[in-house]
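Structure at a glance
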Amino acid sequence: MAARDRGFSTTTRIRLLGEQTAARVYRSQTRRQARRSRLTGRAALLALVVCSLVVALAYPIRQYVAQRAEIADLQRQQEQARQRVEELRDLKARWQDDAYAEQQIRQRLHYVMPGETGYVVIDPDAAQQSHADSGAADRPWYANVWDGVDKSDASDQ
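All of the points below concern the structure found in this document.

Thresholds, definitions, all that
Residues numbered from 1 in each chain as written. Predicted model: local features only at pLDDT ≥ 70, side-chain atom pairs only at ≥ 80, totals over all residues. Heavy atoms only, no water. Patch = residues over 30% accessible without salt bridge, like charges linked within 9 Å, V, L, I, M, F, W, Y side chains within 5 Å. Areas by Shrake-Rupley, 256 points an atom, 1.4 Å probe, with all protein chains shown as cover. Salt bridge = Lys/Arg side-chain N within 4 Å of Asp/Glu carboxyl O. Helix = DSSP H or I, 4+ residues; strand = E, 2+ residues; numbered from the N terminus. Buried < 20%, exposed > 50% of the residue type's maximum accessible area, 1.4 Å probe, protein only. Expected span 1.5 Å × (residues − 1). Arc of directions from axis to C-beta. Phe/Tyr/Trp six-rings, centres within 6.5 Å; stacked < 30°, edge-to-face > 60°.

1. A look at a nonpolar patch on the surface
A grouping of Leu45, Leu48, Val49, Leu53, Leu57, Ile61, Tyr64 and Val65 is seen on the molecular surface, where their side chains present a nonpolar patch of about 790 Å² in accessible area. With respect to the element layout, Leu45 can be found in helix α2 (residues 10-96). Owing to a relative accessible area of 53%, Leu45 belongs among the exposed residues under this scheme.

2. Things to note about the pattern of salt bridges
Following the criterion strictly, the structure yields six salt bridges and no others. Glu79 serves as the salt-bridge partner of Arg82, at 3.7 Å between the closest nitrogen and oxygen. With Arg82 and Glu79 both in helix α2 and three residues apart, the pair spans about one turn of that helix. On the basis of relative accessibility, which here comes to 38%, the residue Glu79 falls in the partly exposed class.

3. Considering helix α3 (residues 98-109)
Helix length check: α3 (12 residues) gives 16 Å between terminal C-alpha atoms against 16 Å at 1.5 Å per residue, within 8%. Listing the buried residues of α3 in full gives Tyr100, Ala101 and Gln104. All buried residues of α3 fall inside an arc of 95 degrees around its axis, so they share one side. Seen from the open side of α3, the exposed residues pointing more than 90 degrees away from its buried face are Asp98 and Ala99. One or two positions beyond α3, positive phi appears at His110, with a value near 60 degrees.

4. So, the packing of aromatic side chains
The way to describe two aromatic rings as a pair is by their centre distance and the angle between their planes. Considering all chains together, one arrives at two aromatic pairs under this definition. Measuring from centroid to centroid gives 5.4 Å for Trp95 and Tyr100, while their planes differ by 80 degrees, and the two rings are edge-to-face. Taking the centre distance of 5.9 Å and the plane angle of 80 degrees together, the rings of Trp141 and Tyr142 count as edge-to-face. Residue Tyr142 is classed as exposed on the basis of its relative accessible area, which comes to 52%.

5. Overview of unusual backbone geometry
At His110, a residue that is not glycine, the phi angle is positive and equals roughly 60 degrees. Its place among the elements puts His110 in the loop between α3 and α4 (124-138). Under the relative-accessibility criterion, His110 is labelled exposed at 55%.

Just geometry here; none of it tells us what the structure is for.
Following this line, the structure appears as structure tokens:
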């Protein structure tokens, strides 16, 4: 190899090495560009397939989610109905007891047993309010409207 190198100058050897390196770089770049163009086509096709799948599955998935939400809502309503039925059963059982029925009759209807004296306490403010309302009911409607206008006019001043 030493005999072979003696015929060439250093400059010539460097030039040959540079040309060989440039040729390798050029070949690798053309290979990358060829690969890149094939990869881009594949990527575009893959993106097209993925987009098609997303579009095709969007409506069924939306329907599935909506149906699951409706099922959950119906189950919640069913549980509330069960609780209401249980409360009504308890209330029915309470009304079967004579002591509870007597207590409710005394409280709601103000009944008393024979020999007892019943008292009803009326709130004085409520009595005055009801008398004021009955006075307005005795007059014609246009008088009430006119009084309302007078009151609102007086409040503005």
